[in-house]
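Next come the chains, spelled out residue by residue.
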Amino acid sequence: MRTPYIAGNWKMNLAPSEARAYASSLAEAVKAAKPDCRVMIAPSFVSLPGVIEAVKGSGITVAAQNMADHLAGAYTGEVSPEMLKDIGVETVILGHSERRQYYGETDEIINGKVLLALSLKMEVVLCVGETLEEREGGELETVLERQLRVGLKDVQPDEMKAITIAYEPVWAIGTGRTATPEDADAAHRFIRETVAAMYSEDIANNLIIQYGGSVKPSNVRALMEKENIDGALVGGASLKLDDFLPIITFSK
Ligand code: PGA
C-alpha cells in the first residue's frame, strides 16, 4: 500500500513572515480536514525555522528545496544538510528542473547530494523529467532512465525507502499545461519499471512517485486516480490555502 504524498514547493515565494502566517493557517486546516495523505511543504531556507514552528503538531513535513553537496567548509552562499538537520529538517527536494536548468546541476552533482542526504538519514524527493524538445525527439525514456540511473547511483536497496521520485515534465511546470493523466501514468510506469530493474519489484512497488507540473484543484483527482501516480509536487497552486487545501483533500 502506497500512502498518497502531496507536497508544496513554494520556490522563491513568500517572505518569512508571510510563509509563517500561511503555514499556521495550513496547519489548522490540515488538522481539521484530516487528509488521507502525507503533506509536505518546502519553503525557502530563510523561512524554514518559522514554518517548522508554525506547523508543529499538525503532522506536516517541512522540507528544504535544495542543499549543498558538502557538509561544511568554504562554499560561500550554500546551506549544508547538517545545518538543515540542526533546525529539524529531515527531508529535501533534489534535482528540481529549475536547479538543473538555471543553476547547472548535473545528474552527477545531484547524485552526490542524494548520497550525502541519505548518509545523514534524510529523506529525498528526487525530481526527474524531460524537456519539450526531449519529449518531441522521442527521448522521454532515455532521459528518465539516465536521470534515475545516475541520480540513484550507489544508493543501496535498503535506502530506497527514504526516496520519493517526482516526475515533473519540464514543459508542464508553471505553464498551466498539465500532462494528461494517461501520459503522466505512462511515464510513472516507466519509472517504476526502471526502479524494478535497478533494485527489485518489491522496492518498485513500494516507491512513491509524485507527479508535478501545473497540478491544481481541477486536475488533481484525475491524476491521482491513475495506478502509478501516488502524489503530487505542487508549485504555483501550493501558495494559497484556497488552492492547496482542495488538492490535499482530493479524496474527500
Ligand atoms: P507548478 O510547479 O505546479 O507551478 O507547475 C511544479 C514544480 O515545479 O514543482
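Above this text you will find the structure in question.
As a starting point, this report considers the structure included with it. (Residues numbered from 1 in each chain as written. Predicted model: local features only at pLDDT ≥ 70, side-chain atom pairs only at ≥ 80, totals over all residues. Heavy atoms only, no water.)

## Brief notes about the overall build of the protein chain
Working step 1: Along the backbone of the protein chain there are 11 helices and 8 strands.
Working step 2: Since a compact globule built from 252 residues should have a radius of gyration of about 18 Å, the 17 Å found for the protein chain is in line with a globular shape.
Working step 3: Each of the three principal axes of the protein chain carries a C-alpha extent, and together these read 45 × 45 × 35 Å.
Working step 4: Put simply, of all contacts in the protein chain between residues at least 6 apart along the chain, 73% involve residues at least 24 apart.
Working step 5: Working note: accessible area of the protein chain is about 11300 Å², and carbon and sulfur atoms make up 52% of it.
Working step 6: Positive and negative side-chain charges in the protein chain, numbering 25 and 36 respectively, have mean positions lying 5 Å apart. (Helix = DSSP H or I, 4+ residues; strand = E, 2+ residues; numbered from the N terminus. Rg over C-alpha atoms; globule rule 2.2 N^0.38 Å. Contact = heavy atoms within 4.5 Å. Areas by Shrake-Rupley, 256 points an atom, 1.4 Å probe, with all protein chains shown as cover. Lys, Arg positive; Asp, Glu negative; His and termini not counted. Charge placed at Lys NZ, Arg CZ, Asp CG, Glu CD.)

## Side note on the layout of surface pockets
Working step 1: There is about 560 Å³ of room inside the largest pocket.
Working step 2: Lining the largest pocket are 19 residues, and of these Lys11, Met12, Gln65, Arg99 and Tyr103 sit closest to its centre.
Working step 3: With 4 residues, helix α4 (residues 97–103) is the largest single contributor of residues to the lining of the largest pocket.
Working step 4: When the residues that make up the lining of the largest pocket are grouped by side-chain class, the tally is 9 nonpolar, 6 polar and 4 charged.
Working step 5: In this structure, the second largest pocket spans a volume of roughly 270 Å³. (1 Å grid on protein atoms, 1.4 Å probe; cavity = no way out; pocket = protein on both sides within 12 Å on 5 of 7 lines; lining within 4 Å. Points joined across faces, edges and corners; volume = space filled by probe spheres on them. Nonpolar A, V, L, I, M, F, W, Y, C, P; charged D, E, K, R; others polar.)

## Side note on the site of the ligand
Working step 1: Neighbouring residues of the ligand: 13 residues in total, closest Lys11, His96, Glu168, Gly174 and Ser214.
Working step 2: Between Gly174 and the ligand, the recorded distance is 2.6 Å, taken from a backbone N or O atom to an oxygen atom.
Working step 3: Within the complex, the protein chains bury 95% of what would otherwise be the 280 Å² of accessible surface of the ligand.
Working step 4: Among the residues making up the shell around the ligand, the classes are represented as 4 nonpolar, 7 polar and 2 charged. (Near = heavy atom within 4 Å. Polar contact = N/O pair within 3.5 Å; in protein donor to acceptor, adjacent residues only side chain to side chain.)

## Some remarks on helix α8 (residues 181–198)
Working step 1: An ideal rise of 1.5 Å per residue puts 26 Å on 18 residues; α8 measures up with 25 Å between its terminal C-alpha atoms.
Working step 2: For α8, the complete set of buried residues consists of Ala184, Asp185, Ala187, His188, Phe190, Ile191, Arg192, Thr194, Val195 and Ala196.
Working step 3: On its buried face, α8 sits against β5 (123–128), α7 (140–151), β6 (163–167), α9 (201–206), β7 (208–212) and α10 (220–224). (Expected span 1.5 Å × (residues − 1). Buried < 20%, exposed > 50% of the residue type's maximum accessible area, 1.4 Å probe, protein only.)

## Comments concerning the pairing of strand β1 (residues 5–9)
Working step 1: Burial runs high along β1: 5 of the 5 residues are buried.
Working step 2: Alternating positions in β1 separate into two faces, Tyr5, Ala7 and Asn9 on one and Ile6 and Gly8 on the other, with burial throughout.
Working step 3: Here β1 runs beside strand β2 (residues 38–42); their pairing, made up of 5 bridges, is parallel. Opposite Asn9, over in β2, you have Ala42 as the bridge partner.
Working step 4: Both β1 and strand β8 (residues 231–234) contribute to a ladder of 4 bridges, which runs parallel. Along β8, the bridge assignment pairs Gly8 with Val234. (Pairing = 2+ DSSP bridges.)

## Concerning α7
Working step 1: Taking 1.5 Å of rise per residue, 12 residues should cover 16 Å, and α7 covers 16 Å from first to last C-alpha, within 8% of that figure.
Working step 2: Of all the positions in α7, only Leu140, Val143, Leu144, Gln147, Leu148 and Gly151 are classed as buried. Across the axial projection of α7, the buried residues extend over an arc of 125 degrees, all falling on one side.
Working step 3: The elements touched by buried residues of α7 are α4, α5 (107–119), β5, α6 (132–136), β6 and α8. (Arc of directions from axis to C-beta.)

## A short note on the pairing of strand β3 (residues 61–64)
Both faces of the sheet carry side chains from a regular strand, because those side chains alternate between them.
Working step 1: Going residue by residue along β3, you find Thr61 and Ala63 tucked away on one face and Val62 and Ala64 tucked away on the opposite face as well.
Working step 2: Both β2 and β3 contribute to a ladder of 2 bridges, which runs parallel. Of the residues in β3, the one forming a bridge with Ile41 is Val62.
Working step 3: Crossover connection from β2 via helix α2 (residues 48–55) to parallel β3: handedness right-handed.
Working step 4: Across 2 bridges, the pairing between β3 and strand β4 (residues 91–94) is parallel. Bridge pairing in β4 places Ala64 opposite Val92.
Working step 5: Crossover handedness for the path β3 to helix α3 (residues 81–86) to β4: right-handed. (Right-handed = clockwise from strand over helix to strand, strands pointing away.)

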